[in-house]
Amino acid sequence: MRGHDRINTFLPDELILEVFTHLDSKPSRDACSLVCKRWLALDRLSRTTLRIGASGTPDVFLRLLSRRFLSVKNIHIDERLSVSVPVQPGRRRGSDKSQLPYRKLHLGEKSGYEDSESEPYFLSDAGLSAIGDEFPQLERLSLIWCSNVSSSGLTSLASSCGSLKSLDLQGCYVGDQGLSTVGKSCKLLEDLNLRFCEGLTDLGLVELAQGCGKSLKSLGVAACAKITDVSLESIGAHCKSLETLSLDSEFIHNKGVVAVAQGCPVLKVLKLQCINVTDDALTTVGTSCLSLELLALYSFQQFTDNLIQPVSLGRGLRAVGKGCKKLKNLTLSDCYFLSDIGLEAIATGCTELTHLEVNGCHNIGTLGLESIGRSCRRLTELALLYCQRIGNNALLEVGRGCEFLQALHLVDCSGVGDDAICSIASGCRNLKKLHIRRCYEIGNKGIKAVGEFCKSLTDLSLRFCDRVGDDALIAIGQGCSLRHLNVSGCHQIGDAGIIAIARGCPELTYLDVSVLQNLGDMAMAELGEGCPLLKEIVLSHCRQITDVGLAHLVRNCSMLETCHMVYCPNVTSAGVATVISGCTNIKKVLVEKWKVSQRTKRRAGSIISYLCIDL
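All values reported here derive from a predicted model rather than from experimental measurement.

K.L.:
So what's going on with the pattern of salt bridges? Residues and values would help.
P.N.:
Inspection of the entire model under this criterion finds 11 salt bridges. The salt bridge involving lysine 255 is made with glutamate 233; its shortest N-O contact spans 3.8 Å. Residue lysine 255 is found in helix H11 (residues 254–263), and its partner glutamate 233 is found in helix H10 (residues 229–238); the two are separated by 22 residues along the sequence. A relative accessible area of 54% places lysine 255 in the exposed class. A salt bridge links aspartate 418 to arginine 467, with the nearest nitrogen and oxygen atoms 3.9 Å apart. With aspartate 418 in helix H17 (residues 418–427) and arginine 467 in the loop between strand S15 (459–463) and helix H19 (470–479), this residue pair connects regions lying 49 residues apart in the sequence.

Here's what the structure looks like:
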């Protein structure tokens, strides 16, 4: 009956709390908390996660949060984020200088940067102590680039938070004493990220491994100059449950990697960017890490097979192919001396492979990829970046053998042309994502085949593919329902191609048509009529688009959030004002500064970005 609150009258707190747990977004939770005071209190009680940007007076602030949110188990603090909050109700802006720090606080999930004349405020050891005192049941803590915290604060926090399971210290200058206390106090710790923790040495990591090694499952180390093989030997000796290891260091050698490989039998994920690690270590990985599912090798340049003349990484990858039968994901980046022999060994031995990325491995050619196509029939994603020696025959074999392929990325593969894309299209009909950049032999023929056969395609990027024109997009518009399209730099595409997309892809949400010199207002009008879900559009360097086209575009695209339109000479300040006034959800407009009128600046200055301020 109208005027009666039946929900609050009949539903108990427990049931409303259960409903809150099924809300999948923060805006939904925020909306519910505004219904009434009871729902506000229940929402605060049910919140388990806090996200905080650069904060002022953190000890006071965190204690305030602890009184409002009693069930918090996850805290993420990222000092790269700095967003001002509204002035407190009942106060005039700037009337109370003592409240200045609180305007730099951010509680939410969106990120951004904002210039401010006020002095920045940072999380300190006092803030860490407050977290430990007020959130003793904390399970996950992320401190991203909190450069003012030290071992003192980390020691205080670790002593209070014995239930901690995940700790991210990326960019924090904490020392050995704090890490040692974490090892002694946090016996449930499973996930530890020490990327860019320059103050750490082997002493801290060794004591941590000795203290909580039994529970540790994931470890990341990068740019820690004083962490050496000594730490990895301790990890291998004490962390028998380790499943994920990520290393980026020039101070790690074979000895440390071998110790981890031999001591951590359940290792599933291994990422190595260690220029002093050689083929010997990879051989041990292949013989010892039989549960390995993901292997990523970056900048492997040193090999022990022949120290005078570097040879293929064949011995190490042969061992991986022979022993790691569960391998599903392989990334090979800037391994210049890796040849087809190593990739053939992976293909024949790791037939469960689903994801493969080859990036800048200049000695890998057609034969290696042919082996992948023949043997790895469960492949779902393939990325070939800067692979000049891979030709059409490689993708012909992939097209014949990998019918489950869903994503293909090609960048600067000059030997790949239309025949290869036609084979992929006809053989891999489950393809959902196709990204091609600067592959100048691919033209209309290949993309038309994609439109004919790949009905599930939703994400297409054809950046700077000079031979792709309107005919290709007409076929795509007739055969696929795209959500994302990027044809930046495809100068043969004009109104006809984009009109076909507008009429055939009503679910389009992202469009990049920058540097299309033949694109005009007619295409903008069709996009406005046919793509009401469009949220992001990039129009930069489109010389034929005018204010009239923008008016047609925004008339029905009410969900538009981002518009880039720099270097569009026929777009004036009136067109910029039309976009801002016509799109109630607009969040970012990128344009030259001189095209923004004072009225527009006053109305929406916070969402306008300038590429070149002095133009």
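Back to the text.
K.L.:
Tell me about the environment of threonine 287, and please be specific about residues and values.
P.N.:
As for its placement among the helices and strands, threonine 287 is situated in helix H12 (residues 279–288). Among the polar contacts made by the side chain of threonine 287, one reaches the main-chain carbonyl oxygen of threonine 284 at a distance of 3.1 Å.

K.L.:
Before we move on, can you summarise the environment of leucine 473 with the specific residues and values?
P.N.:
With respect to the element layout, leucine 473 can be found in helix H19. A relative accessible area of 0% places leucine 473 in the buried class. Here the alpha-carbon distance between leucine 473 and isoleucine 493, two residues 20 residues apart in the chain, equals 8.2 Å. What leucine 473 contacts, discounting residues up to four positions off in sequence, is Val487, Ile493, Gly497, Ile498, Ala500 and Ile501.

K.L.:
I'd like a rundown of helix H22 (residues 547–556), residues and numbers included.
P.N.:
Along H22, the residues classified as buried are Asp547, Gly549, Leu550, Leu553 and Val554. On an axial view of H22, the arc spanned by its buried residues comes to 155°, and they lie on one face. In this structure, the buried side of H22 is in contact with helix H21 (521–530), strand S18 (536–538) and helix H23 (573–582).

K.L.:
Outline the packing of aromatic side chains, supporting the account with residue identities and numerical values.
P.N.:
A complete count under the given rule lists 1 aromatic pair for this structure. The ring centre of tyrosine 610 lies 6.0 Å from the NZ or CZ of lysine 593, which sits over that ring.

K.L.:
Residue-level account of the side chain of glutamate 397, with values.
P.N.:
Within the fold, glutamate 397 resides in helix H16 (residues 392–401). With sequence-adjacent residues up to four places away left out, glutamate 397 is seen in contact with Glu370, Gly373 and Arg374.

K.L.:
Break down the pairing of strand S3 (residues 140–144) for me, citing the residues and quoting the values.
P.N.:
The buried count for S3 comes to 4 of 5 residues, which makes it a mostly enclosed element. Note that strand S2 (residues 74–78) and S3 share 5 bridges and pair parallel. If you follow histidine 76 over to S3, its bridge partner there is serine 142. Chirality of the crossover, the property in question, places the unit of S3, helix H7 (residues 151–160) and strand S4 (residues 166–168) among those that are right-handed.

K.L.:
Outline H21, supporting the account with residue identities and numerical values.
P.N.:
Residues of H21 that are buried: Ala523, Met524, Leu527, Gly528 and Gly530. Here the buried face of H21 lies against helix H20 (495–504), strand S17 (510–512), S18 and H22.

K.L.:
Describe the pairing of strand S1 (residues 49–52), naming the residues involved and giving the relevant values.
P.N.:
Residues Leu50 and Ile52 point to one face of S1 and are all buried, whereas Thr49 and Arg51, pointing to the other face, are not buried. In terms of strand pairing, S1 meets S2 through 4 bridges, oriented parallel. When the sheet's bridge partners are listed, isoleucine 52 is paired in S2 with isoleucine 77.

K.L.:
Give a detailed account of the nonpolar core, specifying residues and quantitative values.
P.N.:
Leu410 and Met565 are the most contacted members of the largest nonpolar core, which totals 172 residues. It is H17 that provides the largest number of residues to this core, a total of 5 residues. Apart from the residues within four sequence positions on either side, methionine 565 is in contact with Leu539, Ser540, Leu550, Val571, Val576, Val579, Val589, Leu590, Val591 and Glu592. Grouped together as the second largest cluster of nonpolar side chains are 5 residues, Phe20, Cys32, Trp39 and Leu42 included.

K.L.:
Let's hear about the packing of helix H15 (residues 366–375) against H16: which residues, and what values?
P.N.:
Contact geometry of H15 with H16 gives a least axis separation of 7 Å together with a crossing angle of 5°. It follows from the interaxial angle that H15 and H16 lie roughly parallel. Of the residues in H16, those in contact with Thr366, Leu369, Glu370, Gly373 and Arg374 of H15 are Asn393, Ala394, Glu397, Val398 and Gly401. Broken down by class, the residue content of the contact of H15 with H16 amounts to 3 nonpolar, 4 polar and 3 charged.

K.L.:
Please set out the packing of H17 against helix H18 (residues 444–453) residue by residue, giving values where relevant.
P.N.:
For the pair H17 and H18, the least separation of the axes is 8 Å and the interaxial angle reads 5°. Classified by the angle between their axes, H17 and H18 sit roughly parallel to one another. Between H17 and H18, the contacting residues are Asp418, Asp419, Ile421, Cys422, Ala425 and Ser426 on the first element and Lys445, Gly446, Ile447, Ala449, Val450 and Phe453 on the second. Looking at the contact of H17 with H18, its residues break down into 7 nonpolar, 2 polar and 3 charged.

K.L.:
An account of a positive patch on the surface is requested, with residue identities and associated values reported.
P.N.:
Positive charge collects at one region of the surface, where Lys165, Lys217, Lys268 and Lys326 lie side by side. Along the chain, lysine 165 turns up in the loop between H7 and S4.

Here is what the cut-offs are and how they apply
- Just so you know, the residues in each chain are numbered from 1, in the order the chain's sequence is written.
- Thresholds applied to this predicted model are a pLDDT of at least 70 for local features of residues and 80 or more for the giving and counting of side-chain atom pairs; totals over whole chains, interfaces and linings are not thresholded and use all residues.
- Each side-chain value is derived from all of the structure's non-hydrogen atoms; neither hydrogens nor water enter the calculation.
- Any carboxyl oxygen of Asp or Glu within 4 Å of a side-chain nitrogen of Lys or Arg constitutes a salt bridge here.
- Numbered from the N terminus, helices here are DSSP runs of H or I no shorter than four residues, and strands are runs of E no shorter than two.
- Only protein chains enter the accessibility calculation, which uses a 1.4 Å probe; a residue whose area is less than 20% of its type maximum is buried, one above 50% is exposed, and one in between is partly exposed.
- Polar contact criterion, stated in full: a pair of N or O atoms within 3.5 Å, where within protein one must be able to donate a hydrogen and the other to accept it, and residues adjacent in sequence count only if both atoms are side-chain atoms.
- Two residues form a contact once any of their heavy atoms are found within 4.5 Å.
- Directions drawn from the helix axis to the C-beta atoms are what define this arc.
- Pairing of aromatic rings covers Phe, Tyr and Trp, the last through its six-membered ring, and needs centres within 6.5 Å; plane angles under 30 degrees mean stacked, over 60 mean edge-to-face, and all others mean tilted.
- In this scheme, Lys NZ or Arg CZ marks a charge over a ring once it lies within 6 Å of the ring centre and within 35 degrees of the ring normal.
- DSSP bridges decide pairing: two strands pair if at least two such bridges lie between them.
- A clockwise course of the path from the first strand over the helix to the second, judged with the strands pointing away from the viewer, identifies a crossover as right-handed.
- Side-chain atoms within 4.5 Å are what join buried Ala, Val, Leu, Ile, Met, Phe, Trp, Tyr and Cys residues into a set we call a nonpolar core.
- Throughout, an axis means a line fitted to C-alpha atoms (over the contacting stretch in the case of helices), and angles, computed between N-to-C directions, take values from 0 to 180 degrees.
- Put simply, angles under 35 degrees are roughly parallel, angles over 145 are roughly antiparallel, angles from 65 to 115 are roughly perpendicular, and the rest are oblique.
- Side-chain classes are defined by residue name, with Ala, Val, Leu, Ile, Met, Phe, Trp, Tyr, Cys and Pro counting as nonpolar, Asp, Glu, Lys and Arg as charged, and the others, Gly among them, as polar.
- Residues qualify for a patch when their relative accessible area is over 30% and they have no salt bridge, like charges being joined within 9 Å and the nonpolar side chains of Val, Leu, Ile, Met, Phe, Trp and Tyr within 5 Å.
- Areas reported as accessible are Shrake-Rupley estimates using a 1.4 Å probe. Residue values count occlusion only from the protein chains shown.
- Within this scheme the basic residues Lys and Arg register as positive and the acidic residues Asp and Glu register as negative, but His and the chain ends are omitted.
- Every charge is mapped to an atom, namely NZ of Lys, CZ of Arg, CG of Asp or CD of Glu.

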